[in-house]
Amino acid sequence: MQPPRERLVVTGRAGWMGMGRGAGRSALGFWPTLAFLLCSFPAATSPCKILKCNSEFWSATSGSHAPASDDAPEFCAALRTYALCTRRTARTCRGDLAYHSAVHGIEDLMSQHNCSKDGPTSQPRLRMLPPAGDSQERSDSPEICHYEKSFHKHSAAPNYTHCGLFGDPHLRTFTDRFQTCKVQGAWPLIDNNYLNVQVTNTPVLPGSAATATSKLTIIFKNFQECVDQKVYQAEMDELPAAFADGSKNGGDKHGANSLKITEKVSGQHVEIQAKYIGTTIVVRQVGRYLTFAVRMPEEVVNAVEDRDSQGLYLCLRGCPLNQQIDFQAFRTNAEGPGTRRPAAASPSPAAPETFPYETAVAKCKEKLPVEDLYYQACVFDLLTTGDVNFTLAAYYALEDVKMLHSNKDKLHLYERTRELPGGVAAAGLPPAPQRLLGTLVPLLALIPVFW
């Protein structure tokens, strides 16, 4: 089964047309939607830095200092700077659709504003941030931009759910199913009326069956008087502390601070608060790869136009059967003195050197003393990747569950949830004495596992 391509809704290059010299700010307003969403197309991780060029141009031409229709020299200087940035990354971006879209867009805007290709350039400027006192709790912010206040003023508190993705990769769905999946390429994690989250998983090393998340795109959709559409994108070795347009909140609307991004640890940990939909998102870079965790009200989780035709939405529906991996069976095959990677994991001779089973267990025990599925996922990842950073990925994934999950009795899961033929989910096992679990494992092995 081929992984689905990431979905993208743009006007195309034709959307640039019709914006004459007097278009001014309207021309600028169209640019981030086109250019930044084009960055959501799946692509192998590469040195291409077109996202940086896009962000610098938008930062230089947005906010209170945006050039008006009669500021052609300043706007042309920004365009020439933008063109220079794209030329510098041309060699590494030759196969990148976002790069080619940016090049064509620059040509169109330079033509519309009668800009010369030769002339002065400008230094990129950061978008103005709101005053220090302009916080998410601003008293004059519209009530509709605070989920709990607007939707649940006279009713019980909303029921929050959690979804997480980490490691090679392991998925915990909104319904607490725990699966290990292949899902190489681009896949949707969340797709509802308010936001879209898509991930790209790539092989850990050439020839390896192990994959991990190398790219993450989050699109916050335009919402009433609260927020403008915002895009957040992270890649390997690039975890920005701002949205793609350089801002750190929801834009110019009255309730903009109901969407806010905060850097917790530089280059390693970012948190996004979307109070208008009661949602918290945590993105981390652990080692070379990304992890994702979200806390979201059930009402928002299920806010889709047509749930029956929603298609793949991993946080809600789980991984397809033919993408699931039985790491319990993998563990059983791996147990034994000096055992390394089981042959069934990857027949490729280029697979990475991995840890012996006893070493993997010892390293995971250091960070994850409870032998739940996060501990087992850690062992699996060390056996399949040979990268000790996956121990930290499992550790932080569990820490995010502790912070985001509303039911503290469900922090630890002890048996992965299987999908039986016909789409029926087999319930996870509760904590059990080791002797009972040992009796059940051979029985569980009889359940069909789809690769």
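Residues numbered from 1 in each chain as written. Predicted model: local features only at pLDDT ≥ 70, side-chain atom pairs only at ≥ 80, totals over all residues. Heavy atoms only, no water.

- Looking at an unreviewed UniProt entry, one finds the chain named Repulsive guidance molecule A isoform 3 and attributed to Daubentonia madagascariensis.
- The heading Sequence similarities (unreviewed entry) in the UniProt record of the chain holds the text "Belongs to the repulsive guidance molecule (RGM) family."
- The Subcellular location (unreviewed entry) field of the UniProt record for the chain holds the comment "Cell membrane". (UniProt positions renumbered as here; feature names shortened; annotations may be inferred.)

### Here we look at empty space enclosed by the protein
Piece 1. Enumeration according to the criterion identifies six cavities of 30 Å³ or more in this entry.
Piece 2. The computed volume of the largest cavity comes to approximately 70 Å³.
Piece 3. Sorting the residues of the lining of the largest cavity by element identifies β1 (160-166), β11 (289-297) and α11 (389-404) as the ones contributing at least two each.
Piece 4. Top element by residues in the lining of the largest cavity is β1. It accounts for four residues.
Piece 5. By residue class, the composition of the lining of the largest cavity is seven nonpolar, three polar and two charged. (1 Å grid on protein atoms, 1.4 Å probe; cavity = no way out; pocket = protein on both sides within 12 Å on 5 of 7 lines; lining within 4 Å. Points joined across faces, edges and corners; volume = space filled by probe spheres on them. Helix = DSSP H or I, 4+ residues; strand = E, 2+ residues; numbered from the N terminus. Nonpolar A, V, L, I, M, F, W, Y, C, P; charged D, E, K, R; others polar.)

### Regarding the state of the cysteines
Piece 1. Applying the stated rule across the entire model yields seven disulfides.
Piece 2. For C364, the disulfide goes to C378, at an S-S distance of 2.0 Å. Every disulfide takes its handedness from the sign of the S-S torsion; for C364 and C378 that torsion is -90°, giving left-handed. On the criterion of sequence distance, the pair formed by C364 in helix α9 (residues 357-367) and C378 in helix α10 (residues 373-385) is long-range, its members being 14 residues apart. An identical accessibility class is assigned to C364 and C378; each is buried. (Disulfide = S-S within 2.5 Å. Buried < 20%, exposed > 50% of the residue type's maximum accessible area, 1.4 Å probe, protein only.)

### As for the pairing of β1
Piece 1. β1 sits mainly inside the fold: seven of its seven residues count as buried.
Piece 2. Of the two faces of β1, both are covered, the one formed by Y160, H162, G164 and F166 as well as the one formed by T161, C163 and L165.
Piece 3. Examined bridge by bridge, β1 and β11 share six bridges and lie antiparallel to one another. Bridging across to β11, H162 finds its partner in R295.
Piece 4. Across three bridges, the pairing between β1 and strand β2 (residues 170-172) is antiparallel. Within β2, the position partnered with F166 by the bridge is H170.
Piece 5. Hairpin connection between β1 and β2: a loop of three residues separates the two successive antiparallel strands, and G167 in this loop has a positive phi of roughly 65°. (Pairing = 2+ DSSP bridges.)

### Section: the side chain of N201
Piece 1. Of note, N201 is situated in strand β5 (residues 195-203).
Piece 2. Within the local environment of N201, its side chain forms a polar contact with the side chain of T213, the two groups lying 2.7 Å apart.
Piece 3. N201 has contacts with P169, V183, Q184, G185, T211, A212 and T213, leaving out every residue within four places of it along the chain. (Polar contact = N/O pair within 3.5 Å; in protein donor to acceptor, adjacent residues only side chain to side chain. Contact = heavy atoms within 4.5 Å.)

### Here we look at the environment of V300
Piece 1. Among the secondary structure elements, V300 is positioned in helix α6 (residues 298-301).
Piece 2. Along the chain, V300 and L195 lie 105 residues apart, while their C-alpha atoms are 9.4 Å from each other.
Piece 3. When sequence neighbours within four positions are dropped, the list of residues in contact with V300 reads Y147, N192, Y194 and I277.

### Re the packing of aromatic side chains
Piece 1. Scanning the model with the defined rule gives 10 aromatic pairs in all.
Piece 2. Their ring planes at 50° and their centres at 6.2 Å tell us that F57 and F75 sit as a pair that is tilted. One end of the pair, F57, is in helix α2 (residues 50-60); the other, F75, is in helix α3 (residues 72-88), with 18 residues separating them in the sequence. In terms of burial, F57 and F75 fall into one category: buried.
Piece 3. Positioned above the aromatic ring of Y160 is the side chain of R295, whose terminal nitrogen or guanidinium carbon lies 3.6 Å from the ring centre.
Piece 4. Above the plane of the ring of Y375 lies K365, whose end atom (NZ or CZ) is 5.6 Å from the centre. (Phe/Tyr/Trp six-rings, centres within 6.5 Å; stacked < 30°, edge-to-face > 60°. Lys NZ or Arg CZ within 6 Å of the ring centre and 35° of its normal.)

### Section: the packing of α9 against α11
Piece 1. Two elements in contact, α9 and α11, have axes whose closest approach is 10 Å; the angle formed by their N-to-C orientations is 35°. Viewed along their axes, α9 and α11 form a crossing whose handedness is right-handed. Contacts between α9 and α11 pair K363, C364 and K367 from the former with T391, L392 and Y395 from the latter.
Piece 2. Residue composition of the contact of α9 with α11, by class: three nonpolar, one polar and two charged. (Axes fitted to C-alpha atoms, helices over the stretch in contact; angles between N-to-C directions. Left-handed = near helix turned anticlockwise from the far one by under 90°.)

### Digging into the pattern of salt bridges
Piece 1. For the structure shown, the criterion picks out eight salt bridges.
Piece 2. For D191, the salt bridge identified is with K221, shortest N-O distance 4.0 Å. With D191 in strand β4 (residues 185-191) and K221 in the loop between β6 (211-220) and β7 (230-235), the pair connects residues that are 30 residues apart, well separated along the chain.
Piece 3. On the accessibility criterion, K221 (26% relative accessible area) is partly exposed. (Salt bridge = Lys/Arg side-chain N within 4 Å of Asp/Glu carboxyl O.)

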